[in-house]
Amino acid sequence: MSKILVTGGAGYIGSHAVVELAQAGYEPVIVDDFSNSKESVLAGLRAILGRDVPCHHVDCGDAEALRGVFRQEGNIAGVIHFAAFKAVGESVQKPLAYFHNNVGSLLTLLQVMPEFGVENLVFSSSCTVYGNPDALPVTEATPTKPATSPYGRTKQMCEDIVHDVSGASSNKLRTILLRYFNPIGAHASAKIGELPLGTPNNLVPFITQTAAGIREKLTIFGDDYATPDGTNVRDYIHVVDLAKAHVVAVQRLLDRKAPDTVETFNVGTGHGNTVLEVVQAFEQASGQQLNYSIGPRRPGDVPAIYADATKAETVLGFKTETSLLDSLASAWKWQQTLG
Ligand code: NAD
Ligand code: WQD
């Protein structure tokens, strides 16, 4: 059983990846400082897996503490690095915190990994690196654009850092960069899911909280874009499908099948949906009518982006399986467990 260190493994995507890794026969070990997650996630994992997942309450930016984890665990075959701050708006208010945490924790990890002979890394990147693309869908070869937020810039900087470090002859790092599109939904068991702290920024938790009566209504940010119904287009991927992409990426690294020092993959469904389509699909999936109105555009939103998912399919053999409807049904089921 190969041991995989999962930084940010108590978070939304990381916790789902821990489940898929364990069910695929890996031994996930979580490193999380719980800056944006709750210890109750561990009970959810235990309920799904029937056993405890080891968890180190450690900040990845703390090199000595991280060394302690590598030393204690021994024989780590690879790392999946989810740990980061992810709120676009907050990154504009607190850019230093974002550069410090997101870039700093990657630097620390890259420093510590070779000390313990660990060469395999999967890094959480984002479709945000494409900015507002000139053509759709975006392939991995689509040029990145200047980031529209400090958060987006941290992802671009981290990608650059990984390329430089992997390219250095003194280093044996092999990395798969996964560029996620818009993850939504929750595990079918509804034992784990997204736990937004405070008012959600993302569409789906805002929808489910509105349907649950926690928010009065959803404001759709603009309906005058050049899209089929005027609202933004995004590529919404079920979080369990996204989690499974990490399992195949890890397997590829451990099998030494990755030809380059760094490989990049879009992880999306390959389909775009408008905000209104998501609202309608949610209403259908939940049987709830959603209170919503059209408001002004949100600054920084790109009109439309969705993935060309061909490379992940042909190279990794990865294909999403869950429909938008089922993804939204899982999000609603999870919301109902939260009350
Ligand atoms: P999340 O906030 O739910 O999970 C991140 C986890 O990392 C949290 O549990 C948090 O406590 C932990 N963490 C943060 N900084 C840490 C540090 N220095 N040391 C240890 N733990 C730390 O976020 P998520 O949605 O699961 O995102 C995971 C990754 O995926 C992030 O890198 C994010 O930027 C990236 N990503 C997310 C999305 C999205 O829409 N959710 C899209 C693209 C990329
Ligand atoms: C989706 C759509 C909004 C809330 C963000 C990050 C991106 C990546 C994924 C990390 C947009 C609309 C939303 C609401 C709305 N994360 N919306 N009313 O902006 O596509 O991407 O998460 O890497 O970097 O920017 O996701 O969920 O915020 O918005 O109308 O109350 O829903 O305008 O079109 P986004 P989102």
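Residues numbered from 1 in each chain as written. Chains lettered and ligands numbered in written order. Predicted model: local features only at pLDDT ≥ 70, side-chain atom pairs only at ≥ 80, totals over all residues. Heavy atoms only, no water.

- Identification of the chain as UDP-glucose 4-epimerase from Hymenobacter nivis is taken from an unreviewed UniProt entry.
- Entered under Cofactor (unreviewed entry) in the UniProt record, the comment concerning the chain runs "NAD(+)".
- Of the comments in the UniProt record for the chain, the one headed Catalytic activity (unreviewed entry) reads "UDP-alpha-D-glucose = UDP-alpha-D-galactose". (UniProt positions renumbered as here; feature names shortened; annotations may be inferred.)

Considerations on the sheet that holds strand β5 (residues 120-126)
Move 1: Ordered by their spatial adjacency, seven strands build an open sheet running β3-β2-β1-β4-β5-β6-β11, and the pairing between neighbours is parallel. Single-partner strands in this sheet number two, and they are β3 (55-57) and β11 (262-267). This sheet shows a mean twist of 20° between the axes of neighbouring strands, independent of strand direction.
Move 2: Where strand β4 (residues 76-81) and β5 come together, three bridges link them in parallel fashion. Among the inter-strand pairings, I80 is bridged to a residue of β5, identified as V122.
Move 3: The strands that helix α8 (residues 239-254) touches are β1 (3-7), β4, β5, β6 (174-180) and β11; relative to β6, the one it contacts most, it runs at about 165°. (Pairing = 2+ DSSP bridges. Helix = DSSP H or I, 4+ residues; strand = E, 2+ residues; numbered from the N terminus. Axes fitted to C-alpha atoms, helices over the stretch in contact; angles between N-to-C directions. Contact = heavy atoms within 4.5 Å.)

Topic: the pattern of salt bridges
Move 1: All chains considered together, the criterion is met by 15 salt bridges.
Move 2: Here R67 and E64 are joined by a salt bridge, their closest N and O atoms 2.8 Å apart. With R67 and E64 both in helix α3 (residues 63-73) and three residues apart, this pair spans about one turn of that helix.
Move 3: R67 sits in the buried class, given a relative accessible area of 15%.
Move 4: Across the pair R252 and E263 runs a salt bridge, and its minimum N-O distance is 2.8 Å. In this pair, R252 is assigned in helix α8 and E263 in strand β11, connecting sequence segments 11 residues apart.
Move 5: The exposure class of R252 is buried, given its relative accessible area of 12%.
Move 6: When its relative accessible area of 5% is taken as the criterion, E263 is described as buried. (Salt bridge = Lys/Arg side-chain N within 4 Å of Asp/Glu carboxyl O. Buried < 20%, exposed > 50% of the residue type's maximum accessible area, 1.4 Å probe, protein only.)

Looking at the environment of V88
Move 1: Turning to its location among the elements, V88 is positioned in helix α4 (residues 88-93).
Move 2: Residues V88 and N291, spaced 203 residues apart in sequence, show a C-alpha to C-alpha distance of 25 Å.

Quick look at the nonpolar core
Move 1: Core analysis: the biggest nonpolar cluster contains 42 residues, and L45 and L178 have the highest contact counts within it.
Move 2: When contributions to this core are tallied by element, the ones reaching two or more residues are β1, α1 (12-23), α2 (40-49), β6, α8, β11 and α10 (310-316).
Move 3: With nine residues, the top contributor of residues to this core is α8.
Move 4: Contact partners of L45, with chain neighbours within four places excluded, come to S15, V18, V19, I30, G50, R51, V53 and I192.
Move 5: Among the nonpolar cores identified, the runner-up in size contains 27 residues, and V31, V103, V112 and V262 belong to it. (Core = buried A, V, L, I, M, F, W, Y, C linked by side-chain atoms within 4.5 Å.)

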